[in-house]
Amino acid sequence: MLRILMVCLGNICRSPLAEGLLKSKLDTSKYFVDSAGTGSWHIGHQPDKRSIAVADKHNLDISDQRGRQFSEVDFDNFDIIYAMDINNYEDLREMAKSDKDTQKVKLLLDILFPGENMDVPDPYTGGMFQFEQVYDILDKATTQLANQLNND
Ligand code: 4NP
């Protein structure tokens with residue numbers, strides 16, 4: 001069982017979409033996928049209603065997810081930790097307790113744009129257009145990731 005964690009700041013906009021999309025593309029008997037936020041504001045909250053709406057438009061239901069904060073034990077409980085943006089990436093690397101932990105942290109969009117340090121933009125203060133853009137980029141990244149994993 002390979003365990004993959006998607007991480008953003010609030011765990012209500014980007015990482016719940018990344019979690020839902022990746023789960024929908026993998027055999028969940030072989031892969032465990034979860035998400036978390038580096039911040040604590042949205043612990044126990046449903047995903048943002050705009051993320052729920054954009055997912056729903058594409059027949060993906062993420063409404064059962066609940067926000068949680070990333071914690072150090074996640075380094076032990078997951079094999080790969082994908083950060084949505086550079087700030088998340090740096091925050092996660094600062095929390096790492098060992099080189100092994102540090103090596104688990106990756107920037108999600110490196111899958112599509114290796115070495116370009118591309119962020120999944122934070123849509124929180126935007127509108128539905130920004131959420132659509134985030135959905136599209138996460139759809140592409142998770143398709144590529146699922147293809148890579150299935151070929152390993
Ligand atoms: P996310 O977006 O990191 O994609 O979940 C945000 C959600 C909430 C906040 C910031 C970003 N916030 O400041 O509450």
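Thresholds applied
Residues numbered from 1 in each chain as written. Predicted model: local features only at pLDDT ≥ 70, side-chain atom pairs only at ≥ 80, totals over all residues. Heavy atoms only, no water. Helix = DSSP H or I, 4+ residues; strand = E, 2+ residues; numbered from the N terminus. Rg over C-alpha atoms; globule rule 2.2 N^0.38 Å. Salt bridge = Lys/Arg side-chain N within 4 Å of Asp/Glu carboxyl O. Buried < 20%, exposed > 50% of the residue type's maximum accessible area, 1.4 Å probe, protein only. Near = heavy atom within 4 Å. Polar contact = N/O pair within 3.5 Å; in protein donor to acceptor, adjacent residues only side chain to side chain. Areas by Shrake-Rupley, 256 points an atom, 1.4 Å probe, with all protein chains shown as cover. Nonpolar A, V, L, I, M, F, W, Y, C, P; charged D, E, K, R; others polar. Expected span 1.5 Å × (residues − 1). Contact = heavy atoms within 4.5 Å. Pairing = 2+ DSSP bridges. Axes fitted to C-alpha atoms, helices over the stretch in contact; angles between N-to-C directions. Parallel < 35°, antiparallel > 145°, perpendicular 65-115°, else oblique. Left-handed = near helix turned anticlockwise from the far one by under 90°.

1. Comments concerning the overall build of the protein chain
1) Next: Within the protein chain, the regular secondary structure consists of 6 helices and 4 strands.
2) Next: Listed N to C, the secondary structure of the protein chain is β-α-β-α-α-β-α-α-β-α in terms of helices and strands.
3) Next: Its C-alpha atoms give the protein chain a radius of gyration of 14 Å, near enough to 15 Å, the size a compact globule of 152 residues would have.
4) Next: Once the C-alpha set of the protein chain is aligned to its principal axes, its extents read approximately 40 × 35 × 30 Å.

2. Quick word on the pattern of salt bridges
1) Next: Tallied over the entire structure, the rule returns 12 salt bridges.
2) Next: R14 is the salt-bridge partner of D85, the closest N and O atoms lying 2.9 Å from each other. You can see D85 sitting in the loop between strand 3 (80–83) and helix 4 (86–95) and its partner R14 sitting in helix 1 (residues 14–25), a full 71 residues away along the chain. You'll find D85 and R14 in the same group, each marked buried.
3) Next: The partner of D139 in a salt bridge is K25, and the shortest N-O contact between them spans 2.5 Å.

3. Brief notes about the site of the ligand
1) Next: The ligand sits among C8, L9, G10, N11, I12, C13, R14, W41, H42, D122 and Y124.
2) Next: Between the ligand and N11 there is a distance of 3.2 Å, counted from an oxygen atom to a backbone nitrogen or oxygen.
3) Next: R14 is positioned such that a nitrogen or oxygen atom in its side chain is 2.8 Å from an oxygen atom of the ligand.
4) Next: Contact with the protein chains hides 89% of the accessible area of the ligand, taken as 350 Å² for the molecule alone.
5) Next: Its residues assigned to classes, the shell around the ligand comprises 6 nonpolar, 3 polar and 2 charged.

4. Considerations on helix 6 (residues 128–151)
1) Next: The first and last C-alpha atoms of helix 6 sit 34 Å apart over 24 residues, in line with the 34 Å expected at 1.5 Å per residue.
2) Next: Residues of helix 6 that are buried: F131, E132, V134, Y135, I137, L138, A141, T142, L145, A146 and L149.
3) Next: Next to the buried residues of helix 6 lie strand 1 (2–8), helix 1, strand 2 (31–37), helix 2 (49–57) and strand 3.

5. Examining the sheet that holds strand 2
1) Next: Ordered by their spatial adjacency, 4 strands build an open sheet running 2-1-3-4, and the pairing between neighbours is parallel. The open sheet is flanked by strand 2 and strand 4 (105–107), the only strands paired with a single partner. Strand-to-strand twist of the sheet, defined as the mean angle between neighbouring strand axes without regard to direction, takes the value 25°.
2) Next: Sheet strands in contact with helix 6 are strand 1, strand 2 and strand 3, and its direction is about 160° off that of strand 1.

6. Some words on the packing of helix 1 against helix 6
1) Next: Where helix 1 meets helix 6, the axes come as close as 9 Å, and the angle between the chain directions of the two elements is 40°. Classified by the angle their axes make, helix 1 and helix 6 are oblique. Judged by the sense of rotation from one axis to the other, the crossing of helix 1 with helix 6 is right-handed. In this structure, helix 1 uses R14, L17, A18, L21, L22 and K25 to contact helix 6, whose residues at the interface are V134, Y135, L138, D139, T142, T143, L145, A146 and N150.
2) Next: Along the lines of polarity and charge, the residues of the contact of helix 1 with helix 6 split into 9 nonpolar, 3 polar and 3 charged.

All quantities given are derived from atomic positions and should not be read as evidence of function.
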